[in-house]
Amino acid sequence: MENNDTAKKEIVVGVAGQPNVGKSTLFNVLTGRRVHVANWPGVTVEKHEGIREYMGYRLRFIDLPGIYGFSATTIEEKIARRFILEEKPDVLLVLVDSINPERTMYLAIQALEMYTRVIIVFTKIDETHARGIHINYEALNRRLGVPVVAVSSATGQGINELLDKIVEVASSGGRRKPLRIDYGELEPFILSVEQVLEKNDSKIKYPIRWVSIRLLEGDRELEEYVRRMLGEKVLIDILKTREEIRRIFHRSPEELFAQKRFEYIEKLLRGVVVRVHVGITRRERITRYFYHPWLGPFLSIFTLIIVFLVAFSINTGFPLNVILADLGYPGLAEAVENYSLGGLIEAGFNALSNYLYSIMGESIISSLVINGIIGGVGAVAVFLPLIMMVAFFLAVLEDSGLSPRIAVSLHNWLTRIGVSGHAVFPMLLGFGCNVPAVMSTRAVPDPRERIRLIMTIPFIPCQARLVVILAFASALSGLSGALLILYGYVAAFIAFSLVNRSLYWIDKKRGRVSEPELLLELPPIHKPIPRVVWWHVWDSTKHFLKKAGTIIFLLSILIWFLTSYTPSLTYTGDPSQTIGAYLARLFAPFLYPIGLRGDQAWIIAFALIIGFVAKESVISALTITTGADTARDALRLLKLTDVQIASITVFMILYVPCMATLAVMLSETRSWKIVLASIGIMLSIAYVGMLFTYMIGLLL
Amino acid sequence: MQKPLLTLDTLPPGSNAKIVSISGSGGWVYRLYQMGLTPGTIVTVIVNYGAGPLVVRVRGVDISLGRGIARRIIVEPL
Ligand SMILES: Nc1nc2c(ncn2[C@@H]2O[C@H](COP(=O)(O)OP(=O)(O)OP(=O)(O)O)[C@@H](O)[C@H]2O)c(=O)[nH]1
């Protein structure tokens, strides 16, 4: 580390907020997206850290997970709370959504009860006027005794003031004591617990009043802590007080405390937040249709289909090219295809290959570079625009607030396969990449439903598989290609539903489930913020480029090696004598039932084995082994029938997405049993699907 | 005379009600409290088609509730 840097005073800033308050956006604005991602110790929840230099200080921002409260009932709440209490950040920012301060203030109040160096940050203030919301930040600042700053990540308003306040609070300290809320008739009980704890004051390192309140609300982690520090007897005394509350008021203590806190917030915001009624906006009115029992699902599915069709056509010309060809404009259709983004990139790579051939000639090296690397990576890179486009649409759905509406509209249908509307967001993400999709199942409240989802999300065709589907479809003529894509998605949908239903049924048999339930916040619908959308797109692009540059690059070299060398390690121009061929022939018999023989069988088997690691490489494996430029040519060289191509496509979609997904399934479930069971299910379903497709195909 | 108590899922769209209590226990109930659905709170039903999830407005936020959860929320219509 440079001297200069270490000499700078560092300020650690924790950033906390309820889900949807605009935390990720503000965090990115504050840190300029120079973010370091790691995991919180011992868990797989991501920890984002970013640095910003300001006025000679080095501000280290730590993004805490989005949570509703500090009750330690979820991993995320535990992480956030532990960070604040143990690491004692110099400043804690607690975000409050200025569009609904009444609700989001709940977390801020709890933070103030346990910590003193707090800044309350009101987000999204660019939206308040349109909604007729007026907030007197000065008054709130006076009432709470901590700085209150209003910012907008969309316009950048208030950001500098926030940075100033951070420096100020870090050097001067915050409130002298944590906030004290008057809990009215509950006060005597708090006092009695406080007295018990105060006798042992030196041993408890957290604010006593806060610990007392939390213990009365019921807090496993703190109970454990008290037992450890003060012994079982003290804990039992405290729990007795808690039971007394329940007996006297006939209501659960946690309910009473939550109610008191909200009452406090109501009083606190009286005269501070003024709402002028503006009626519902037109945008809001339109989204109401999403809640209609049958119009809603229709709208949702229609939206999603449009998204995919638009993304496809811009990239690959598909399905526009097919439609034009069928209408009798073959020339136009071809132009659409050639001048699609994918077509242009493909032309670029071909030109590069030809140029290299002309200067390098035939040699092992040129074979490695041109066939192996450019052939492998290029065949995949063609799909970059598609990746960006799908990421763009997913980001728009997410950032506009449309995706939770889609979740509500599809909830009823989804309950039939045993999942709730909470599954929609992971499923949507799954179309992009299964890895974040599996991680996002954390937001699903029911733990059994979550496991079932983790096991079935891999059936959702991610972009990598989409890339392969499109490549295979391109080998079929016009309309059949389009039908194949449709068929592939339908097969995936059926597998997803069927397996979910069965797993649900098994869970139910074992008495482990209740009906899938929905409890979801619906943030106001709004125009997506371009910058935020761009971030999402850039993240996917980066992820894809990194993958193409590392895994796919290395795999391409490996594939080239496996298909250029014989088992005795001599170079050969005949792929059927190579190591890859020998290996793949062991598995080739599995493909006999769909009529593949000889070269056909081992090359496809080889491609599928490689596809286990990363799906895009199925294409690389095909092009490298056959020496073709594109998957289309490779499949033509192999002389596969349309029905065989369709069968292989189905298998390819349904069997294990990739290593990375398996790894994240393991880290999320921490169970080999679940992962191995999933692999077993996927392989069998894929195989049955393949045979089924072949038989249907022969009948038609 | 006090009005009769109903469950939230039976209220028509546009109606207001005060939450009296929430039956049952476990994570759902806790989550409801944290989202601001505590006894004494006024809720406005925005969407209720008699089947499928409801949408209610609580403390300025729209929240969608499955029917099973709504059935556990006892309210006093206003
Ligand atoms: N108008 C406006 N909208 C904003 C602003 N900041 C964030 N939003 C929107 O608020 C929504 C939530 O923003 P996020 O940053 O994803 O919120 P978060 O708190 O990280 O939420 P989770 O990702 O669910 O944890 C998004 O739809 C954003 O577009 C802002 O400054 N102005």
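Residues numbered from 1 in each chain as written. Chains lettered and ligands numbered in written order. Predicted model: local features only at pLDDT ≥ 70, side-chain atom pairs only at ≥ 80, totals over all residues. Heavy atoms only, no water.

1. Describing the sheet that holds strand β2 (residues 16–22) of chain B
The strand order β10(A)-β5(B)-β4(B)-β3(B)-β2(B)-β6(B)-β1(B) describes an open sheet built from seven strands, whose pairing is antiparallel. Edge positions in the sheet fall to β10 (519–522) of chain A together with β1 (6–7) of chain B, since each of these pairs with one other strand and no more. Looking at chain direction, β10 of chain A and strand β5 (residues 61–65) of chain B are connected through four bridges and run antiparallel. Residue pairing for β5 of chain B: Leu522 of chain A is matched across the bridge by Asp62 of chain B. In the packing of helix α19 (residues 402–415) of chain A onto the sheet, the strands contacted are β10 of chain A together with β5 of chain B, and the crossing angle to β10 of chain A comes to about 145°. (Pairing = 2+ DSSP bridges. Helix = DSSP H or I, 4+ residues; strand = E, 2+ residues; numbered from the N terminus. Contact = heavy atoms within 4.5 Å. Axes fitted to C-alpha atoms, helices over the stretch in contact; angles between N-to-C directions.)

2. Focus on the packing of aromatic side chains
Residues and elements named next belong to chain A. Summed over all chains, the structure comprises 16 aromatic pairs over all chains. The interplanar angle of 5° and the centroid separation of 4.4 Å between the aromatic rings of Tyr106 and Phe262 together place this pair among those described as stacked. Of the two residues, Tyr106 is situated in helix α4 (residues 101–114) and Phe262 in helix α11 (residues 253–269); the sequence distance between them amounts to 156 residues. Across the pair, exposure class does not vary: Tyr106 and Phe262 are buried alike. Measuring from ring centre to ring centre gives 6.2 Å for Phe431 and Tyr489, while their planes differ by 25°; the resulting arrangement is stacked. Of the two residues, Phe431 is situated in helix α20 (residues 424–432) and Tyr489 in helix α24 (residues 478–509); the sequence distance between them amounts to 58 residues. Judged by its relative accessible area of 22%, Phe431 falls in the partly exposed class. The residue whose ring lies beneath Arg585 is Tyr582, and the NZ or CZ to ring-centre distance is 5.7 Å. Above the face of the Tyr592 ring, Arg597 is positioned so that its terminal group lies 4.7 Å from the ring centre. (Phe/Tyr/Trp six-rings, centres within 6.5 Å; stacked < 30°, edge-to-face > 60°. Buried < 20%, exposed > 50% of the residue type's maximum accessible area, 1.4 Å probe, protein only. Lys NZ or Arg CZ within 6 Å of the ring centre and 35° of its normal.)

3. Describing the side chain of Ser353 of chain A
Residue and element names in this part refer to chain A. One can find Ser353 in helix α16 (residues 341–360). When its relative accessible area of 11% is taken as the criterion, Ser353 is described as buried. Those residues within four positions of Ser353 in sequence are excluded, and the remaining contacts are Ile370 and Ile374.

4. Looking at the state of the cysteines
Residue and element names in this part refer to chain A. Evaluation of the coordinates by the stated rule reveals zero disulfides over all chains. Counting only cysteine sulfurs, Cys462 is the nearest neighbor of Cys433, a cysteine outside any disulfide, at a range of 6.2 Å. Between Cys658, a free cysteine, and Cys462, which holds the nearest cysteine sulfur, the sulfur-to-sulfur gap is 6.4 Å. (Disulfide = S-S within 2.5 Å.)

5. Description of unusual backbone geometry
Residues and elements named next belong to chain A. Backbone geometry at Leu569 places phi at a positive 65°, although glycine is not the residue there. Mapping Leu569 onto the fold places it in the loop between α25 (530–562) and α26 (579–587). Assessed through its relative accessible area of 53%, Leu569 is described here as exposed. Not every positive phi belongs to a glycine, and Arg670 is a case in point at roughly 50°. For Arg670, the location among the structural elements is in the loop between α31 (659–669) and α32 (672–699).

6. A word on a nonpolar patch on the surface
Residue and element names in this part refer to chain A. The grouping of Phe298, Phe302, Ile306, Val310, Ile314, Leu341 and Leu344 at the surface amounts to a nonpolar patch, some 610 Å² of accessible area in total. When contributions to the nonpolar patch are tallied by element, the ones reaching two or more residues are α13 (295–316) and α16. Looking at which element gives the most residues to the nonpolar patch, the answer is α13, with five residues. Examined against the element boundaries, Phe298 turns out to sit in helix α13. (Patch = residues over 30% accessible without salt bridge, like charges linked within 9 Å, V, L, I, M, F, W, Y side chains within 5 Å. Areas by Shrake-Rupley, 256 points an atom, 1.4 Å probe, with all protein chains shown as cover. Salt bridge = Lys/Arg side-chain N within 4 Å of Asp/Glu carboxyl O.)

7. Re the interface of chain B and chain A
Quite often, the size of an interface is put as the accessible area lost when its parts meet. Of the residues lining the interface, 29 residues belong to chain B; the matching set on chain A comes to 35 residues. Summing the contributions of chain B and of chain A, the shared interface buries around 3000 Å²; its carbon and sulfur component is 64%. Interface area lost by chain B to chain A is led by Tyr30, Gln34 and Arg59 of chain B, which between them contribute 22%. One can count one salt bridge joining chain B with chain A. The salt bridge involving Glu266 of chain A is made with Arg59 of chain B; its shortest N-O contact spans 3.3 Å. Applying the counting criterion to the chain B and chain A interface returns ten residue pairs in polar contact (both at pLDDT 80 or more). Among the elements of the structure, α1 (27–34), β3 (42–47), β4 (54–58), β5 and α2 (67–71) of chain B are those that each provide at least two residues to the side of chain B that touches chain A. With six residues, the single largest contributor to the side of chain B that touches chain A is α1 of chain B. Within the side of chain B that touches chain A, the residues separate by chemical class into 16 nonpolar, eight polar and five charged. (Buried area = accessible area lost by both parts, 1.4 Å probe. Polar contact = N/O pair within 3.5 Å; in protein donor to acceptor, adjacent residues only side chain to side chain. Nonpolar A, V, L, I, M, F, W, Y, C, P; charged D, E, K, R; others polar.)

8. Quick word on the site of the ligand
All names here are of chain A. The environment of the ligand is made up of 16 residues, and the closest members are Ser24, Thr25, Asp126, Ser153 and Asp399. Here Val21 contributes a backbone N or O atom positioned 3.2 Å from an oxygen atom of the ligand. Between the ligand and Lys23 there is a distance of 2.8 Å, counted from an oxygen atom to a backbone nitrogen or oxygen. Its free accessible area being 640 Å², the ligand has 83% of it covered by the protein chains. At three residues, helix α2 (residues 23–31) tops the list of elements feeding residues into the shell around the ligand. (Near = heavy atom within 4 Å.)

9. Considerations on the environment of Pro13 of chain B
All names here are of chain B. One can find Pro13 in the loop between β1 and β2. When its relative accessible area of 47% is taken as the criterion, Pro13 is described as partly exposed. Counting along the chain gives 38 residues from Pro13 to Ala51, while the straight-line C-alpha distance between them is 13 Å. Residues contacting Pro13, with those up to four places away along its chain left out, are Val45, Ile46 and Asn48.

10. What about the packing of helix α8 (residues 208–217) of chain A against helix α10 (residues 232–249) of chain A?
All names here are of chain A. In contact at an axis separation of 8 Å, α8 and α10 are set at 60° when each is read in the N-to-C sense. Put simply, α8 runs oblique to α10. The crossing of α8 and α10 is right-handed. Along the contact surface, α8 presents Leu215, Leu216 and Glu217, while α10 presents Ile238, Thr241, Arg242 and Ile245. (Parallel < 35°, antiparallel > 145°, perpendicular 65-115°, else oblique. Left-handed = near helix turned anticlockwise from the far one by under 90°.)

11. Remarks on helix α23 (residues 463–473) of chain A
With eleven of eleven residues buried, α23 of chain A is to be regarded as a mostly interior element. Every buried residue belonging to α23 of chain A is among Gln463, Ala464, Arg465, Leu466, Val467, Val468, Ile469, Leu470, Ala471, Phe472 and Ala473 of chain A, and all of these are buried.

12. Observations concerning the confidence of the model for chain B
Considering every residue of chain B, the mean pLDDT works out to 88; 94% of them sit at 70 or more. Among the prediction metrics, the complex's ipTM stands at 0.93, with pTM recorded as 0.80. (pLDDT = per-residue confidence, 0-100.)

13. Some details on the pairing of β2 of chain B
Each regular strand shows side chains that alternate between the opposite faces of the sheet. Residue and element names in this part refer to chain B. Pairing of β2 with β3, which is carried by three bridges, proceeds in the antiparallel orientation. From the neighbouring strand, Asn16 faces β3, where its bridge partner is Thr44. In this structure, β2 lies alongside strand β6 (residues 73–77), joined through five bridges in antiparallel fashion. For Ile22, the partnering residue across the bridge sits in β6 and is Ile73.

14. A look at helix α27 (residues 598–611) of chain A
Residue and element names in this part refer to chain A. With 14 residues, α27 should cover 20 Å at 1.5 Å per step; its first-to-last C-alpha distance of 20 Å lies within 8% of that length. Of all 14 residues in α27, eleven are buried; the element is thus mostly enclosed. Considered for burial, the residues of α27 that qualify are Gln600, Ala601, Trp602, Ile603, Ile604, Ala605, Phe606, Ala607, Leu608, Ile610 and Gly611. Tucked inside the fold, the buried residues of α27 contact α25, α26, α28 (617–626) and α30 (642–654). (Expected span 1.5 Å × (residues − 1).)

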